[in-house]
Structures are given as C-alpha cells and as structure tokens.
Amino acid sequence: MGESSTEKPLFRKELNSLIRSSLRRLLRFSIHWELWPTIDHLEPVSRGGADDESNWVTTSMLKNQAKLHWTLEELGWNLHPQAT
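The structure reproduced in this document is the subject of the present report. What you see is a predicted model; the values in this text were computed from it and never measured.

## Looking at the overall build of the chain
- Check the secondary structure of the chain and you find 3 helices and 2 strands.
- N-terminal to C-terminal, the α/β element order of the chain is α-β-β-α-α.
- Restricting to contacts in the chain with at least 6 residues of sequence separation, those with at least 24 account for 42%.
- Carbon together with sulfur atoms contributes 60% to the accessible area of the chain, which is approximately 7300 Å² in total.

## Let's talk about a nonpolar patch on the surface
- On the surface, a cluster of nonpolar side chains totalling about 580 Å² of accessible area is made up of Phe11, Leu15, Leu18, Ile19, Leu23 and Leu26.
- Within the secondary structure, Ile19 is located in helix α1 (residues 7-35).

## Focus on the pattern of salt bridges
- Counted under the stated rule, the structure contains 2 salt bridges.
- The partner of Asp40 in a salt bridge is Lys67, with the nearest N and O atoms 3.7 Å apart. Taken together, the positions of Asp40 in strand β1 (residues 37-41) and Lys67 in helix α2 (residues 61-67) put the pair 27 residues apart, joining distant regions of the chain. No difference in accessibility class separates Asp40 from Lys67, as the two residues are buried.
- Across the salt bridge formed by Glu74 and Arg47, the nearest N and O atoms sit 2.7 Å from each other. Note that Glu74 is positioned in helix α3 (residues 72-75) and Arg47 in the loop between β1 and β2 (56-60), a separation of 27 residues in sequence.
- Look at Glu74 and you get partly exposed, because its relative accessible area is 42%.
- Note on Arg47: relative accessible area 37%, which makes it partly exposed.

Procedures and definitions
- Residues numbered from 1 in each chain as written.
- Predicted model: local features only at pLDDT ≥ 70, side-chain atom pairs only at ≥ 80, totals over all residues.
- Heavy atoms only, no water.
- Helix = DSSP H or I, 4+ residues; strand = E, 2+ residues; numbered from the N terminus.
- Contact = heavy atoms within 4.5 Å.
- Areas by Shrake-Rupley, 256 points an atom, 1.4 Å probe, with all protein chains shown as cover.
- Patch = residues over 30% accessible without salt bridge, like charges linked within 9 Å, V, L, I, M, F, W, Y side chains within 5 Å.
- Salt bridge = Lys/Arg side-chain N within 4 Å of Asp/Glu carboxyl O.
- Buried < 20%, exposed > 50% of the residue type's maximum accessible area, 1.4 Å probe, protein only.

Here is the structure:
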C-alpha cells in the first residue's frame, strides 16, 4: 500500500526533528570534548616521563589529544601560570 499525502509531511517533520536533535547532540558532544578538563603529562610517559603528580598538568581534552607524545618545547607551547 502506498503512503497517503497526509503521512508524508508528518514523516518529513519527524525526520527533520530527528536530524536537528542529532546535530544538537553532536555539537554539545564536540564542545564538551574540546573543553572538558583532563590531566596530561608534561614529559610524556612514552618518552620516559614519570606517571606521578610532579609530571601532571591540567589541560583540555582538545589540547591533550593535539599534544600526544610531544613535549611542550617541541610544539612551541608554554604553560600558563598556576592560579592562586
């Protein structure tokens, strides 16, 4: 059986609503991922750095993923002063 003409607009409306809500969730996840705080190692563990507080800094997930196994000097990055 074919769809009636009254069913098509409803389906499109529901589909558009589903697409919009999916895009909103994706955007929230992206922002969440980029700004979510995490701990990173100043000297990467894979390159001999210690896995303890003396080698930890807080950063965003975005910066942590960008840094990977590089040192701050190799990337030309600087630490911000610690807040007091």
